[in-house]
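Tertiary structure, described
Single-letter residue listing:
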Amino acid sequence: MAQMHNQLSPAEGIWALRRLPEMDEVQFSQWQALLEHRTGITLTAERCSFLETNLGIRMREIGCSSYQAYYEKIVSGPDAVREWSTLVDRLTVQETRFFRDPDAFRLVADYVMTRPREPFRKSGLEAWSVGCSTGEEPYTLAMILNECMGQLALQPLFGVTGSDISLPAIEKARQGQFNARKLLGMDENMKTRYFRPAERNTVEIVSSIRDRVCFTRLNVLDLDKAPMHGMNIIFCQNLLIYFRRWRRREIVKRLAERLAPGGLLVLGQGELTDWQPPGLQRVPSEHVLAWIKRQSDEE
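Residues numbered from 1 in each chain as written. Predicted model: local features only at pLDDT ≥ 70, side-chain atom pairs only at ≥ 80, totals over all residues. Heavy atoms only, no water.

- Named according to an unreviewed UniProt entry, the protein chain is protein-glutamate O-methyltransferase originating from Marinobacter halophilus.
- Its UniProt record, at the heading Catalytic activity (unreviewed entry), says of the protein chain: "L-glutamyl-[protein] + S-adenosyl-L-methionine = [protein]-L-glutamate 5-O-methyl ester + S-adenosyl-L-homocysteine". (UniProt positions renumbered as here; feature names shortened; annotations may be inferred.)

So, in structure tokens, the structure goes:
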């Protein structure tokens, strides 16, 4: 608290502790439209308190006293680009952990183990984690691919790309260092093989896995500009739930275009219903929503 009073005048210090007024419908609609236009993310009216809380925290940090003033700062202020990046990080980074969906990762392993080996031997395997947050998902994919390559007696010729709209999340992912609680529920042998103790109750990914994973900032509304092509595996879970149904279909269509023939697309359960993506064949599974790109769609 002393630090706050050192940085703010007495009046500002009092304001910083004061509860912000509730956001009215017009203000919420304004923020709702901005978020959807720039990120595609849709906030329902039920999530107004979520928006108020996260805007309020950031507004107190920078000494901004009204939603409208902060909106104008985001849209046209001198530091608008940087401030927008900070806000997007607060609104989009979700709690995640290693091996978050065991069924989905088992399906990935089964897929790799049952594919013809010769293509992997010649050109390797490329995977992409879309909406990777702070990196737990792409690193998990890398561990699984490494295990599969070992079981198939193949050289570990694979790479994993993680992409996310949040630059701070990407920067944290690149460090490869995590709180030990992120490993809860993981197989002990996997922990021993792929993590090393680091300072202050953290662990770090071993270099052999870190070297196989790269990260890039990418807004899923810009998938048509993404350089990823010919991917063997695309993993996109817990992302589409934030988008309108028509936009989900558009995103999945773009992802499918970036799959290699025979490639695997994995989504989150319930994220896409009552629609069959063209050129893809549903993987029979009760617990995982996944498709394989038909070989005939190579052209």
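Next comes the rest of the description.
**As for the sheet that holds strand E5 (residues 202–205)**
- Read from one edge to the other, the open sheet built from three strands follows the order E3-E5-E4, with strand pairing classed as antiparallel. The sheet is open, and its two edges are formed by strand E3 (177–179) and strand E4 (195–197), each paired on a single side. With strand direction ignored, the average angle separating the axes of adjacent strands in the sheet is 35°.
- With three bridges joining them, E3 and E5 adopt antiparallel strand pairing. (Pairing = 2+ DSSP bridges. Helix = DSSP H or I, 4+ residues; strand = E, 2+ residues; numbered from the N terminus. Axes fitted to C-alpha atoms, helices over the stretch in contact; angles between N-to-C directions.)

**Some thoughts on the pattern of salt bridges**
- Tallying each qualifying case throughout the model produces twelve salt bridges.
- With a closest N to O distance of 2.6 Å, Asp103 and Arg106 form a salt bridge. Pair noted here: Asp103 and Arg106 are both in helix H7 (residues 102–114), with a separation of three residues, about one helical turn.
- Overall, the relative accessible area of 49% leaves Arg106 in the partly exposed class. (Salt bridge = Lys/Arg side-chain N within 4 Å of Asp/Glu carboxyl O. Buried < 20%, exposed > 50% of the residue type's maximum accessible area, 1.4 Å probe, protein only.)

**What about the domain arrangement of the protein chain?**
- As assigned here, the protein chain comprises domain 1 (25–92) and domain 2 (102–293).
- Contacts between the two partners involve twelve residues from domain 1, matched on the other side by eleven residues from domain 2.
- Summed over both sides, the interface of domain 1 with domain 2 buries roughly 990 Å², with 49% coming from carbon and sulfur.
- Of all residues in domain 1, the largest losses of buried area upon contact with domain 2 belong to Glu36, Thr42 and Asp89, amounting jointly to 35% of the total for that side.
- Our enumeration of links across domain 1 and domain 2 arrives at one salt bridge.
- The salt bridge partner of Glu36 is Arg244, with a shortest N-O separation of 2.6 Å. (Domains from an automatic or database assignment. Contact = heavy atoms within 4.5 Å. Buried area = accessible area lost by both parts, 1.4 Å probe.)

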